[in-house]
Amino acid sequence: MPVRERIILSLDTSDPEYALDLVDRFSDEITIFKVGLELFVSGGPEIVQKIIKKGKKVFLDLKFHDIPNTVSRAAQAATRMGVFMLNMHTSGGFEMMKSCRDLVVETCLKENLSRPRLLGVTVLTSIGPEAIKNELCIPHSIRTHVKHLARLAYNAGLDGVVASGHEIETIKNTCGKDFIVVVPGIRLSWNPPDEQKRRITPREALRSGADYIILGRAIMREEDPLKALRVVLLELMSS
Ligand code: C5P
């Protein structure tokens, strides 16, 4: 897959008009745009439909986490909207992920829809070793826990996971090279880290085997985000 198709641009704004403007501005470089909580709560399903109408793919990043019936039906609704990717928290458990997958597959077959990639969120990149131990009371390292959650997602039939760049190799070794790994927490070498505890650069992430990387503040806070993206693309294509 060409490098530019492996970059997901995160539309983190509460202004749907601005989001559409970004889609137009980045249209030559980016195929997949991420609609997360902020934009979806502000713009609703219409923003997703408008982006798809522009011929772009949407990663609906709402990180579902609820009882199996609720998550399955939410995923079914997203499938009918035509999203390319959607996600749920792996910590929602095996049954939640499995029933979600089953309903999405069944709906696609019955209604002749294309099936979205279903991803499980493992451990957020804003969580560090202290929080995992002291706040979440998980008695393993982050890597061991991510590995466990990725295997759970794989066994439930999901297509892949969202995880930090530091766990890609472990996940691929555990679940196979075709199991998709989407990596957020991307920072350029000169960016501030913000709350991202397990960050990685775009080049390191792709080298480690990430299938997709999510670019958000890493380029959006630059004076000229489009120029920053082109610099990243050039660097990735030449490495
Ligand atoms: O911090 P940054 O601006 O790079 O985050 C970009 C996007 O990636 C945000 O929409 C955030 O919700 C998402 N994200 C994620 N999982 C993480 C970290 C960030 O989905 N572990």
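Below is a summary of the structure that appears in this document. (Residues numbered from 1 in each chain as written. Predicted model: local features only at pLDDT ≥ 70, side-chain atom pairs only at ≥ 80, totals over all residues. Heavy atoms only, no water.)

Side note on the environment of Pro 68
Rule in force here: By definition, any uninterrupted DSSP run of H or I lasting at least four residues is a helix, any uninterrupted run of E lasting at least two residues is a strand, and each is numbered from the N terminus. By definition, residues are in contact when any of their heavy atoms lie within 4.5 Å.
Residue placement: Pro 68 occurs in helix 3 (residues 68-81). Along the sequence, Pro 68 and Cys 100 sit 32 residues apart, while their C-alpha atoms lie 6.8 Å from each other. For Pro 68, the residues in contact, after removing those within four places along its chain, are Glu 95, Met 96 and Ser 99.

Overview of the pattern of salt bridges
Note the cut-off: Salt bridge criterion: a side-chain nitrogen from Lys or Arg within 4 Å of a carboxyl oxygen from Asp or Glu.
The tally for this structure, following the rule as stated, stands at 15 salt bridges. One continuous salt-bridge network, built from bridges that share partners, spans Lys 34, Asp 61 and Lys 63.

A short note on the packing of helix 6 (residues 142-155) against helix 7 (residues 168-175)
Quick note on the threshold: Axis definition: a line fit to C-alpha positions, over the contact stretch in the case of helices; interaxial angles, taken between N-to-C directions, run 0 to 180 degrees. Our angle categories are set so that under 35 degrees counts as roughly parallel, over 145 as roughly antiparallel, 65 to 115 as roughly perpendicular, and the remainder as oblique. Rotating anticlockwise by less than a right angle from the far helix to the near helix defines a left-handed crossing, while the corresponding clockwise rotation defines a right-handed one. For this classification, the nonpolar set comprises Ala, Val, Leu, Ile, Met, Phe, Trp, Tyr, Cys and Pro, the charged set comprises Asp, Glu, Lys and Arg, and every other residue, Gly included, is treated as polar.
Relative to each other, helix 6 and helix 7 sit at 40 degrees, their axes nearing to 9 Å. It follows from the interaxial angle that helix 6 and helix 7 lie oblique. Relative to helix 7, the crossing made by helix 6 is right-handed. Here Arg 143, Val 146, Lys 147, Ala 150, Arg 151 and Tyr 154 of helix 6 lie close against helix 7, whose contacting residues are Thr 170, Ile 171, Thr 174 and Cys 175. A class-by-class count of the residues in the contact of helix 6 with helix 7 yields 5 nonpolar, 2 polar and 3 charged.

Remarks on the site of the ligand
Short version of the rule: By convention in these notes, a residue is near a molecule or strand provided one of its non-hydrogen atoms lies within 4 Å of it. Note on areas: Shrake-Rupley, 1.4 Å probe, and residue coverage restricted to the protein chains presented here.
Near the ligand, the surroundings consist of 13 residues, among which Lys 34, Lys 63, Thr 125, Arg 187 and Arg 217 are the closest. Burial of the ligand by the surrounding chains reaches 86%, relative to a free accessible area of 460 Å². Taken together, the residues of the shell around the ligand break down into 3 nonpolar, 4 polar and 6 charged.

That's the geometry; what it means functionally is another story.
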